[in-house]
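Take a look at the letters that make up each chain.
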Amino acid sequence: MDPLEILKDLVAIPSVSPMGRDVSGPEYLETRLSEYLVGFFNRLGVECQRIEVLPGRANVIARLDRTDARTTVLLDAHQDTVPVEGMTIEPFQPVVREGRLYGRGACDVKGGMAAILGAFARLVADRPRRAANVVVSCTCDEEFTAQGAKALARLWSDPARAGSLLSAAPTVAVIAEPTDLNVIVAHRGAIRWKLRTRGRACHSSRPQEGVNAVYKMAEVLLCLERYADELPRMVPAHPLCGPPTISVGRIAGGISVNTVPDECLIEIDRRVTPGENPQTVIPHVTTYLRERLDVDFEMLPPWLDGLTLSDQNNGPWADRLLTHIAAVAGPRQKQGAWYGTNASRIAATGVPSVVFGPGSIHQAHTVDEWIDVNELRQASDIYYRFCADG
Ligand SMILES: [Zn+2]
């Protein structure tokens, strides 16, 4: 089964993440892609489960076992894509031109999913003698809050979820993301939270009677800017992933120009390096600000928890994968990444995890997203060989 034909199917089925916005329409959510995947696995005659994670959003997993296999390989790819506003190509009409397939998700990460599905179909047909057990997971909601990967990891780590196709932990996990066929062994995580200042509203014609929450926030922001400068000197860089960073991405305050604002909120993004304890991140910022400011502020609970991927226990698996990559596509490297992936959720349960797939992260989320067809087929061959090698 040619991964290119599978990829055309996947791109033609929209599965756009709303990214937390209040939007609806046929292009949103993974529902129809999940149906396609269930049909795909049913045609292969393998065991398959559709596990609802959020309303209309499910993980689809399928499993191929071999008697006396000693390892179980988990291959994961997410079903959702980022939105399509501003794209310069037709997002859901897959077009092949000059060795590239264009469309939303071609690179991130329907290409990786097609490569995995092609490899899996080949494993089902060939039944190689030394192959591992193979579980394919197509997870939902990766681009926004990673609920799909969290639910997936609970299948083996939460006894209440027993009875699924993944009730025992896999031996190793390979997560598809565009890596140019390199192997990502470490990446940073993100913690995101809101900081709030409060004031007292009054009519702007008599501002001295109120307390301006925006002025308070201005002081906080200048101090946070200094913190951002000093952070690389306070927390060491990771050899593969670089230094930690912090950025303020949004600000909101006030209801009208003639009212002294009683509240101001900012949203903060802090990238955590492997080896850092995410629990210490917000207290560290809080102490820094309190020591330097005479302004009261409040940290709200984070909505992302800063899980990272560490290279401490995945080295031998990365080496093994690199051997197969070299045989198919020539030498590649172990790398660190500045972005996060589902691998951190799976690695958090102790399963050695690496990130590998066709395409470049530079084509992910772009206005004319594409993937190299040759690399797509090479990746499929590499997934196949990795699983066939027990
Ligand atoms: Zn992705």
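Everything below is about the structure shown above.
These figures come from a predicted structure and were not determined experimentally.

Another aspect to go through is the coordination of the zinc ion. The protein atoms that coordinate the zinc ion are His-78 (NE2), Asp-108 (OD), Glu-177 (OE) and Glu-177 (OE), at distances of 1.9 to 2.7 Å. What the four donor atoms of the zinc ion show is an angle range of 52 to 143° at the metal, which sorts the shape as irregular. Here the donor residues for the zinc ion map to a single chain with the spacing H-x29-D-x68-E. Placement of His-78 in strand 3 (residues 72–78) and of Asp-108 in the loop between strand 5 (100–102) and helix 3 (110–126) is noted, with a sequence separation of 30 residues between them. The pair formed by His-78 and Asp-108 is uniform in burial state, with each residue classed as buried.

For Leu-44, the position within the fold is in helix 2 (residues 31–44). Overall, the relative accessible area of 17% leaves Leu-44 in the buried class. Considering only alpha carbons, one finds Leu-44 and Ala-213, 169 residues apart in sequence, at a separation of 61 Å. If sequence neighbours within four positions are ignored, Leu-44 has contacts with Met-1, Phe-120, Ala-121 and Val-124.

Here we take up the sheet that holds strand 16 (residues 370–372). Spatial strand order, 4-5-16: three strands in an open sheet with antiparallel pairing. Of all the strands in the sheet, the pair left with one neighbour each is strand 4 (95–97) and strand 16. Adjacent strand axes in the sheet meet at a mean angle of 25° when their direction is disregarded. With three bridges connecting them, strand 5 and strand 16 associate as antiparallel partners. In the strand pairing of strand 16, Tyr-102 is matched with Trp-370. Against the sheet, helix 1 (residues 3–12) engages strand 4, strand 5 and strand 16, with an angle of about 15° to strand 5. Contacting strand 4, strand 5 and strand 16, helix 9 (residues 373–388) runs over the sheet at an angle of about 65° to strand 16.

Reading the values: rules and limits
Residues numbered from 1 in each chain as written. Predicted model: local features only at pLDDT ≥ 70, side-chain atom pairs only at ≥ 80, totals over all residues. Heavy atoms only, no water. Donors = N, O, S within 2.8 Å, 3.2 Å for Na, K, Ca; no water. Tetrahedral: all angles 85-135°; square planar, octahedral: opposite > 155°, others 65-115°. Helix = DSSP H or I, 4+ residues; strand = E, 2+ residues; numbered from the N terminus. Buried < 20%, exposed > 50% of the residue type's maximum accessible area, 1.4 Å probe, protein only. Contact = heavy atoms within 4.5 Å. Pairing = 2+ DSSP bridges. Axes fitted to C-alpha atoms, helices over the stretch in contact; angles between N-to-C directions.

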